[in-house]
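# Commentary on secondary and tertiary structure
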Amino acid sequence: MGDCNHSTHERALSIEDGVSVVFHKVDSHDDTNSGDESGDDERTAATIHLQSNCHDVSCDYDGDAEGARGSDNSLEGSEKKTLCPPAFCVRSRLASRDGSALEDSEKPNSCPGLGLFYAFLSTVFFSTIALLVKTIEGVHAIEISAIRCFFQMLFTMPLLIYHKTGFLGPRDKRIYLVLRGFIGSNAMILLFYAVQQMPLADATVIMFSNPVFTSLLAWIFLKERCTIWDCIFTVFTITGVLLIARPPFLFGDHRRGIEGNYANHIKGTIAAFAGAIGAAFTFVVLRKMGKSVHYYLSVWYYAVIGFIECIITVSVLGEWKIPYCGRDRWLLMLIAVLGIAGQSFLTKALQIEKAGPVALMRTIDVVLAFIFQFIFLNRAPTMWSLGGALCVVASTSGVALQKWYSSSRKS
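Residues numbered from 1 in each chain as written. Predicted model: local features only at pLDDT ≥ 70, side-chain atom pairs only at ≥ 80, totals over all residues. Heavy atoms only, no water.

On a plain count of helices and strands, the chain comes out with 16 helices and 2 strands. Residues classed as buried in the chain amount to 41% of the 411 residues present. Pairs at least 24 residues apart make up 79% of the contacts formed inside the chain by residues separated by at least 6 positions. (Helix = DSSP H or I, 4+ residues; strand = E, 2+ residues; numbered from the N terminus. Buried < 20%, exposed > 50% of the residue type's maximum accessible area, 1.4 Å probe, protein only. Contact = heavy atoms within 4.5 Å.)

If you want it as structure tokens, here you go:
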């Protein structure tokens, strides 16, 4: 085998507005038969480098050292046609679309922090709902849930008609929609009950522990990967719940700062913990459904099933009462409106931003709960509550960071 001599000839196109097109012509000649077969062994390779913001491209050659200036050479003319095919000769097309390309380049990009801003708004709305539930007196938590579901049905129905999604959903997804509505509405009832029975911040912290249980339930039912970190975060979460509940077999008589009767405090703790697990089950069901079901259809099932369940339960318990003052009636309607707004902004945030940063932004819910409790309810948190909140926030933040890191590595 003989050695190959490589000679490179570069032709640069005329450059305007940041366009750089360079052709590399590589001639390969064999030493043994370079005289006879040089034309047969000639190969041409073209490399094109394009930069952004190109508006006008000229496909005329400025010239090579020897043969590019000779326009009468037919061979060079054919090479010009070969090296500059019509696909690359876009001078006329780009010139006609100059204005439209310039307009597209002038369009502003979407705000990078818009998704986190939506998540922050949803957090503020959900925290305000918990505060309003705490301030309303003489109305059972199940009745508050029924009123919220009723107004949520009224607001969701026109959206379903507008999007033409129907009211039943896909036939193979209806069982999941029913489960989502039943479990989700029960989680809401348990949260409202916990807020009425124990301090606002404590109930919010325990309810906020649901991301940790979501990871465990997804490992059990969806066969998702469970790491040692998930187990560590679960231990942190349970420790935080114990610090807030302060059961007698662990803390004895250290019950300072407990709101009202200690039995009601334990009831509220159990309700908040069960509500957190219910919310985790809801998230698992939503993951199972995926994106094949419209979001408003999921909210519709949540409102309808919750309303029916609450009406039956309140009727059996005989707890149906009309609020005493007009202020509470307006607050009940405001709870329903804020619930729809919070869910809409949270969904919009998850569509724009990754789930990890959104979950981290939701930790502000705990901070707002302590602030609202101190300002509006005139109740300072205890060291036990702060310690429990720190454990729960650390575990949920760890879950969010772990998911965020895993998704970033995959992408």
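Having seen the model, we can carry on.
Right, let's talk about the environment of Ile-266 for a bit. Residue position: Ile-266 is located in helix 11 (residues 262-289). We classify Ile-266 as partly exposed; its relative accessible area is 25%. With 68 residues separating them along the chain, Ile-266 and Met-198 place their C-alpha atoms 8.3 Å apart.

In this section: the nonpolar core. Ile-129, Val-133, Ile-144, Phe-192, Val-205 and Ile-335 are the most contacted members of the largest nonpolar core, which has 47 residues in total. If one sorts the elements of this core by residue count, helix 4 (residues 114-135) sits on top with 8 residues. Beyond its immediate stretch of four places on either side in the chain, Phe-192 contacts Ile-129, Val-133, Ala-141, Ile-144, Ser-145 and Arg-148. One finds Met-153, Val-293, Tyr-301 and Ile-305 within the second-largest nonpolar core, a separate group that totals 10 residues. (Core = buried A, V, L, I, M, F, W, Y, C linked by side-chain atoms within 4.5 Å.)

Right, let's talk about the confidence of the model for the chain for a bit. Residues of the chain with pLDDT of at least 70 account for 70%, and the chain-wide mean is 74. Of all the helices and strands in the chain, helix 1 (residues 74-83) carries the lowest mean pLDDT, 42, while helix 6 (residues 174-197) carries the highest, 92. Below pLDDT 50 for its whole length, residues 1-19 participates in 61 contacts with residues either more than four positions away or in separate chains. In the model, residues 25-109 has pLDDT below 50 throughout and makes 110 contacts with residues more than four positions away in sequence or in other chains. (pLDDT = per-residue confidence, 0-100.)

A word on the packing of helix 6 against helix 11. It is the contact of helix 6 with helix 11, at a shortest axis distance of 7 Å, that shows an interaxial angle of 155 degrees. On the basis of the axis angle, helix 6 is roughly antiparallel to helix 11. Crossing of helix 6 against helix 11: the hand is left-handed. Grouping the amino acids of the contact of helix 6 with helix 11 by side-chain chemistry returns 16 nonpolar, 8 polar and 3 charged. (Axes fitted to C-alpha atoms, helices over the stretch in contact; angles between N-to-C directions. Parallel < 35°, antiparallel > 145°, perpendicular 65-115°, else oblique. Left-handed = near helix turned anticlockwise from the far one by under 90°. Nonpolar A, V, L, I, M, F, W, Y, C, P; charged D, E, K, R; others polar.)

We now examine the packing of aromatic side chains. Any pair of aromatic rings gets described here by the distance separating the centres and the angle formed by the planes. Under the definition given, this model contains 9 aromatic pairs. Judged by centre distance (5.7 Å) and plane angle (40 degrees), the ring pair of Phe-150 and Phe-307 falls under tilted. In this pair, Phe-150 sits in helix 5 (residues 141-163) while Phe-307 sits in helix 12 (residues 295-317), placing the two residues 157 residues apart along the sequence. On the accessibility criterion, Phe-150 (35% relative accessible area) is partly exposed. With relative accessibility at 23%, the residue Phe-307 sits in the partly exposed group. Among the aromatic residues, those joined into a cluster by ring pairs are Tyr-118, Phe-125 and Phe-345. (Phe/Tyr/Trp six-rings, centres within 6.5 Å; stacked < 30°, edge-to-face > 60°.)

Using the criterion set out here, one finds 2 salt bridges in the structure. Across the salt bridge formed by Arg-327 and Asp-328, the nearest N and O atoms sit 3.3 Å from each other. Judged by its relative accessible area of 49%, Arg-327 is partly exposed. On the accessibility criterion, Asp-328 (5% relative accessible area) is buried. Between Arg-362 and Asp-365 there is a salt bridge whose closest N-O contact spans 3.7 Å. (Salt bridge = Lys/Arg side-chain N within 4 Å of Asp/Glu carboxyl O.)

Our focus in this paragraph is helix 15 (residues 364-375). The end-to-end C-alpha distance of helix 15, which contains 12 residues, comes to 16 Å, matching closely the 16 Å that a straight helix rising 1.5 Å per residue would cover. Of the positions making up helix 15, those classed as buried are Asp-365, Val-366, Leu-368, Ala-369, Phe-370, Phe-372 and Gln-373. Residues of helix 15 that are buried make contact with helix 4, helix 7 (200-207) and helix 16 (383-410). (Expected span 1.5 Å × (residues − 1).)

The phi torsion at Lys-164 lies on the positive side, around 55 degrees, for a residue other than glycine. Residue position: Lys-164 is located in the loop between helix 5 and helix 6. The exposed category is assigned to Lys-164, whose relative accessible area is 75%. One non-glycine residue, Asn-378, lies in positive phi territory at about 55 degrees. Along the chain, the position of Asn-378 falls in the loop between helix 15 and helix 16.

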